[in-house]
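# Coordinate inspection notes
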Amino acid sequence: MKVAAKQTLQTYVGADGRTLYFLAKQADGTAFDLTGYVVTITAKLGATTKIDNETCVLADDETTGGFNYTPAAAEIDEPGQYDAQVKLSLTVGETTTVNYLEQFILEVLAVL
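Before going further, it helps to examine unusual backbone geometry. Even without glycine at this site, Asn53 takes up a positive phi of about 55°. Assignment of secondary structure puts Asn53 in strand E5 (residues 48-55). We classify Asn53 as partly exposed; its relative accessible area is 37%.

Turning our eyes to something else, we now look at the pairing of strand E10 (residues 104-109). Strand direction decides the pairing type here: strand E2 (residues 8-12) and E10, joined by five bridges, are parallel. Along E10, the bridge assignment pairs Leu9 with Leu106. Relative to E10, strand E8 (residues 80-92) is paired through five bridges, and the arrangement is antiparallel. Each residue of the ladder has a partner; that of Tyr82, found in E10, is Leu106.

Calculation notes
Residues numbered from 1 in each chain as written. Predicted model: local features only at pLDDT ≥ 70, side-chain atom pairs only at ≥ 80, totals over all residues. Heavy atoms only, no water. Helix = DSSP H or I, 4+ residues; strand = E, 2+ residues; numbered from the N terminus. Buried < 20%, exposed > 50% of the residue type's maximum accessible area, 1.4 Å probe, protein only. Pairing = 2+ DSSP bridges.

Written as structure tokens, this is what we have:
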């Protein structure tokens, strides 16, 4: 699976309310069906975790693989390149399956 977006996503320091959009795909390029999954995102700036396993919003049609996350201003309060990754978790009964999408860079730019 991979994120069907550029390897670097850009936003701005304190850009509260600016949504980041993603599309999860299978290795063959088809949509990853997110039905029943919990999707979370984590991002670190250096050794500091800035976005800590926060829940993403799935698209209305979960079969499309679409989801998004809107970081709070406090999560992106410093410029820099944040190492980020999305986790997909599916629990059926007592078994949880976890998948990870490719790591990417969340580039937070300073506002002039």
